[in-house]
Amino acid sequence: MMMIMNIGSIIEKSNPMSQIPAVLITGASTGIGATYAERFARRGHDLVLVARDVVRMEALASRLRLETNVKIDILPADLTQPTDLAKVETRLRDDAHIGILINNAGTAFGGSFIDQSVDDMTRLVALNATALVRLSGAIAPRLVKAGEGAIVNVGSVVGLAPEFGMTVYGATKAFVLFLSQGLAHELGPKGVYIQAVLPATTRTEIWDHVGVDVNTMSNVMEVTDLVDAALVGFDRRELVTIPPLHDVGQWDAVDGARKAMLGNLVNALPAERYRTLA
Ligand SMILES: NC(=O)C1=CN([C@@H]2O[C@H](COP(=O)(O)OP(=O)(O)OC[C@H]3O[C@@H](n4cnc5c(N)ncnc54)[C@H](OP(=O)(O)O)[C@@H]3O)[C@@H](O)[C@H]2O)C=CC1
Ligand SMILES: CC(=O)[C@H](N)C(=O)O
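Residues numbered from 1 in each chain as written. Chains lettered and ligands numbered in written order. Predicted model: local features only at pLDDT ≥ 70, side-chain atom pairs only at ≥ 80, totals over all residues.

Asks: Please give an account of the site of ligand 1 that cites residues and values.
Replies: Taken together, 29 residues are adjacent to ligand 1, and Gly27, Gly31, Arg52, Asp53 and Gly106 come closest. Here the shell around ligand 1 gets three residues from one element, more than from any other, and that element is helix α2 (residues 31–42). Counted by class, the shell around ligand 1 contains twelve nonpolar, 13 polar and four charged residues. (Near = placed C-beta within 6 Å. Helix = DSSP H or I, 4+ residues; strand = E, 2+ residues; numbered from the N terminus. Nonpolar A, V, L, I, M, F, W, Y, C, P; charged D, E, K, R; others polar.)

See below:
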């Protein structure tokens, strides 16, 4: 018996993720992140919740601890602030129990490009793009070493649609998609699963920040439907999950056309059309 317990503890120390891995979720105080927290807790995963609003995270954590018995830590951080970001990076690097990172925190604001302040846009890029690079960079080497684990990046269909008129927000979300595809290409063969989740309009507080009453919008998805669909994609190990897109053939066609172009992108000579004067 003693012997068995010792072997068990050795296995736990050498590969703690092989138990049920803990999940670190950014933007976990409300909306999509809080729903991910609820769903992963119900699946038996311990959690680390990251956001700025400690009171809300405490309330969520107290409820989920009672309902599910999982361990929940709260790591308050403003992910646009380098020192706070560094705290989360350290946790991701050092805590071998964390095997899944949900890069969900993000925001948006209204107004056209020339109406938005450059400082606001810079903060948006810091939260929606830079933080994902830094947090993925902190956990990826450990996951690769373990040969398992997952990184989920929450993008948006806006990243496919410059025509929606949210240029900088959409650019950050196009970045999230590319980052996910690139990470899947590099880390997938090493055992790390990467998922990009692309929601469309979902009923959360983000719309208060945009300055739009979500109740006036059509085709709004409920946040639980969105996260449950995203988790179906997660369980299937899908790379790109677009819950609101009913015809997946349309995404496959876009992605297929891009891949078909790859072999033609690098040439020594400019294309014929650029070899004559305008
Ligand atoms: N709702 C929608 O229609 C869609 C949402 N998305 C994406 O989903 C993700 C989640 O958004 P959603 O749940 O809707 O939005 P919410 O505004 O409801 O939640 C955003 C979360 O991010 C956190 N957050 C915001 N700023 C910071 C910061 N500086 N540092 C740390 N955490 C921060 C907030 O917590 P706190 O304020 O406590 O810091 C909150 O937990 C975002 O990436 C968004 O772009 C994509 C497509 C559609
Ligand atoms: C504010 C938005 O545009 C929304 N988050 C989305 O990505 O659709």
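Asks: Quick one: what's the story with helix α6 (residues 167–187), residue by residue and with numbers?
Replies: In this model α6 runs 29 Å from its N-terminal to its C-terminal C-alpha over 21 residues, within 8% of the 30 Å that 1.5 Å per residue would give. The complete set of buried residues in α6 reads Tyr169, Gly170, Thr172, Lys173, Val176, Leu179, Ser180, Leu183 and Leu187. Elements that come into contact with the buried residues of α6 comprise α5 (118–146), β5 (150–154) and β6 (193–197). (Expected span 1.5 Å × (residues − 1). Buried ≥ 20, exposed ≤ 12 C-beta atoms within 10 Å, placed from the backbone. Contact = placed C-beta atoms within 7 Å.)

Asks: Kindly report on the environment of Thr241, identifying the contributing residues and their values.
Replies: Here Thr241 is to be found in strand β7 (residues 240–241). Given 22 C-beta atoms within 10 Å, Thr241 falls into the buried group. On a C-alpha basis, the gap between Thr241 and Thr167 in space is 22 Å, while along the polypeptide they are 74 residues apart. Setting aside its immediate chain neighbours within four residues, Thr241 contacts Gln195, Val197, Leu198, Ala230 and Gly233.

Asks: Could you give an account of unusual backbone geometry, with specific residues and numbers?
Replies: Even without being a glycine, Asn69 presents a positive backbone phi close to 75 degrees. Take Asn69: it is sitting in the loop between α3 (54–68) and β3 (72–76). A count of 9 C-beta atoms within 10 Å places Asn69 in the exposed class.

Asks: Pulling in residues and values, what's your account of the sheet that holds strand β1 (residues 22–26)?
Replies: Strand order in the open sheet formed by seven strands is β3-β2-β1-β4-β5-β6-β7, and the pairing between neighbours is parallel. Two strands lie at the open edges of the sheet, namely β3 and β7, each paired on one side alone. One ladder, built from two bridges, connects β6 with β7; its direction is parallel. The residue bridging Ala196 from the neighbouring strand is Val240, located in β7. Those strands touched by α6 are β5 and β6, and its axis lies near 165 degrees from that of β6. (Pairing = 2+ DSSP bridges. Axes fitted to C-alpha atoms, helices over the stretch in contact; angles between N-to-C directions.)

Asks: Just give me the short version of the pairing of β1, but keep the residues and values in it.
Replies: Counting buried residues in β1 gives five out of five residues, a clear majority hidden from the surface. Judged by which residues are buried, β1 turns out to be covered on both faces: Ala22, Leu24 and Thr26 on one side and Val23 and Ile25 on the other are all buried. Relative to strand β4 (residues 98–103), β1 is paired through four bridges, and the arrangement is parallel. Of the residues in β4, the one forming a bridge with Val23 is Ile100. Once you follow β1 into α2 and on to strand β2 (residues 47–51), the crossover reads as right-handed. (Right-handed = clockwise from strand over helix to strand, strands pointing away.)

Asks: An account of the nonpolar core is needed here, citing residue identities and associated values.
Replies: Core analysis: the biggest nonpolar cluster contains 57 residues, and Ile25, Ala37, Leu47, Leu49, Val50 and Ile139 have the highest contact counts within it. Element by element, the count of residues in this core is highest for α5, at seven residues. Ignoring sequence-local partners within four residues, the contact set of Leu49 consists of Ile25, Ala28, Ala37, Met57, Leu60, Ala61, Ile72, Ile74 and Leu75. (Core = buried A, V, L, I, M, F, W, Y, C linked by C-beta atoms within 7 Å.)

Asks: Report on α3, specifying residues and quantitative values.
Replies: The end-to-end C-alpha distance of α3, which contains 15 residues, comes to 20 Å, matching closely the 21 Å that a straight helix rising 1.5 Å per residue would cover. Listed as buried for α3 are Met57, Leu60, Ala61 and Leu64. One side of α3 carries all its buried residues, which in axial view fall inside an arc of 100 degrees. Exposed positions of α3 whose direction lies more than 90 degrees from the buried face are Val55, Ser62 and Leu66. Buried positions along α3 lie against α2, β2 and β3. (Arc of directions from axis to C-beta.)

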